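# A look at the structure
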Amino acid sequence: MDPQEMVAQAQERFAKIRRDPEKALFSEYKGVSPTGAVTVWVDMMGKLVRVHLAPNTMYEGGEPWLTAEIMAAHEAAKRAAETLDFSMADLVQELDNALQLKQRVTATPEPAAERTTTRRPDDDDESFENRSHLR
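Notes on the structure follow. Since we're looking at a predicted model, the values are computed, not measured.

Thresholds applied
- Residues numbered from 1 in each chain as written.
- Predicted model: local features only at pLDDT ≥ 70, side-chain atom pairs only at ≥ 80, totals over all residues.
- Heavy atoms only, no water.
- Helix = DSSP H or I, 4+ residues; strand = E, 2+ residues; numbered from the N terminus.
- Core = buried A, V, L, I, M, F, W, Y, C linked by side-chain atoms within 4.5 Å.
- Buried < 20%, exposed > 50% of the residue type's maximum accessible area, 1.4 Å probe, protein only.
- Contact = heavy atoms within 4.5 Å.

## Digging into the environment of Met71
For Met71, the location among the structural elements is in helix 3 (residues 63-82). A sequence separation of 39 residues divides Met71 from Val32, and the C-alpha atoms of the two residues are 9.9 Å apart.

## As for the nonpolar core
Of all hydrophobic cores here, the largest spans 14 residues; its most connected members are Ala24, Tyr29, Val38, Val40, Val42, Met44 and Leu84. Broken down by secondary-structure element, the contributors of at least two residues to this core are strand 2 (38-42) and helix 3. Considering every element that reaches this core, the biggest residue donor is helix 3, with five residues. If sequence neighbours within four positions are ignored, Val38 has contacts with Gly31, Val32, Ser33, Val51, His52, Leu53, Leu66, Glu69, Ile70 and Ala73.

This is how it looks when you write it as structure tokens:
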């Protein structure tokens, strides 16, 4: 990759960050191993956040295979983070849903219902005097 391509990729990445900084900064990017046994999430910088192993993937003597699966999933997640692939970011879906919900709530404000509260006297110990709170 020549320097001009690297600069173009960096500019594209910064443009995505400027468009929606919350999605870029707070998203966890997901990578899945080739067999689907391992899923890895990383942050925007590619640092490991969490690892999920599918049920029944651990067995005695399978450490080399499992290590390769984890590394492949981690590389896939790092690639998604480098390109800011929001389709592989879990938080993006949540943020989009929250934004839509916020717009819906602010668009249709409900009228505030008047509350009528009855204030009890300060010396209202009747329920304790007859022990009704213990029944």
